Each structure stands twice: as C-alpha cells, then as structure tokens.
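Structural description and commentary
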Amino acid sequence: MKTKPAIVAQRLTALREGVHLSQAKLATQFGIDQPAIFRYENALSFPPYDVLMQYADFFDVSLDYIFGRTDKPQGKLYEYQPKVIKDNKQMRELIEMCFDPNSPANAKLKETLLKMMEEQNK
C-alpha cells in the first residue's frame, strides 16, 4: 500500500503529464517555483493547502481524488445519512420537547417516531 504522500505525488504528476504541461509551465501558472513542483511530485515535500487547491481547481478534480480516497476525478459523492441517536433516554427527551402535549395526535406521533428510530438503529 502506498503512503499518502506517495499517492498525492503520483496524482499530481499524472494530472500535469496528462495535459502535457511541463513542471516549469505549471509553476508559472501557479505562481511558485519549478523546484517546488519537482519536490511535490517526487514526495520530497508535501504541498501546502493552497497549492493543493490550485491543482484541484486547475485540473477540475476533487481533493478526494488527489488524496487517493477515490479513483473518480469528481470525487466521492455522498448521500447524507445522519446517524440516529442510540441512547433511548436522550432520544425520548428530544422527542418530548418536539411535540405539543395538548395535541390529540401527540402520543401517536411520538410512538411512530420512536418506532422509526428504533428500526433504523437495527
């Protein structure tokens, strides 16, 4: 398994070479010196955040791709799925605060919500 600096170095090199751009031309484009590009691409030093962002923007790829978290240049696409609170006491307190106790549907709504939360925890 490659180390993170090696993966980043490999990705930075592949991105630059993929568009047939020299290290010197890329350095000029980014406003940094060519030896810095050499060091980043050979894992001799790790690029700072602003340089990584320049790579991502310039080559239109995600930082997930640069860091080797995915092989998709657009990055990982996430579907937000919040974790349910597993502490039933805390969950019940939250639900109690959310419903009007004077509402006739209160008990049924609370019961349904608690049941849904318990099913999701399984």
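A short tour of the structure in this document, coming up. (Residues numbered from 1 in each chain as written. Predicted model: local features only at pLDDT ≥ 70, side-chain atom pairs only at ≥ 80, totals over all residues. Heavy atoms only, no water.)

Focus: the environment of asparagine 42
Topologically, asparagine 42 is positioned in the loop between helix H3 (34-41) and helix H4 (49-59). Remark: the alpha-carbon pair of asparagine 42 and alanine 9, spanning 33 residues in sequence, is separated by 5.8 Å. (Helix = DSSP H or I, 4+ residues; strand = E, 2+ residues; numbered from the N terminus.)

Thoughts on the packing of helix H2 (residues 23-30) against H3
Across the interface, H2 lies against H3 with an axial gap of 8 Å and an inter-helix angle of 110°. Taken together, the axes of H2 and H3 lie roughly perpendicular to each other. The hand of the H2/H3 crossing is right-handed. The segment H2 lies against H3, with Gln23, Ala24, Leu26, Ala27 and Phe30 engaging Gln34, Ile37, Phe38 and Glu41. Partitioning the contact of H2 with H3 into residue classes produces six nonpolar, two polar and one charged. (Axes fitted to C-alpha atoms, helices over the stretch in contact; angles between N-to-C directions. Parallel < 35°, antiparallel > 145°, perpendicular 65-115°, else oblique. Left-handed = near helix turned anticlockwise from the far one by under 90°. Contact = heavy atoms within 4.5 Å. Nonpolar A, V, L, I, M, F, W, Y, C, P; charged D, E, K, R; others polar.)

Quick word on the packing of aromatic side chains
Each aromatic ring pair is summarised here by two numbers: the centre-to-centre distance and the angle between the ring planes. Taken as a whole and assessed by the stated rule, the structure comprises five aromatic pairs. Consider the rings of phenylalanine 30 and tyrosine 55, whose centres lie 5.0 Å apart with planes at 80°: the pair is edge-to-face. Of the two residues, phenylalanine 30 is situated in helix H2 and tyrosine 55 in helix H4; the sequence distance between them amounts to 25 residues. Residue classification places phenylalanine 30 among the buried positions, given a relative accessible area of 8%. On the accessibility criterion, tyrosine 55 (0% relative accessible area) is buried. With centroids separated by 5.9 Å and ring planes inclined at 25°, the aromatic side chains of tyrosine 55 and phenylalanine 59 adopt a geometry described as stacked. Here tyrosine 55 pairs with phenylalanine 59, and both are found in helix H4, just four residues apart, close to one helical turn. Each member of the pair tyrosine 55 and phenylalanine 59 is classed as buried. (Phe/Tyr/Trp six-rings, centres within 6.5 Å; stacked < 30°, edge-to-face > 60°. Buried < 20%, exposed > 50% of the residue type's maximum accessible area, 1.4 Å probe, protein only.)

In short, geometric facts, not functional conclusions.
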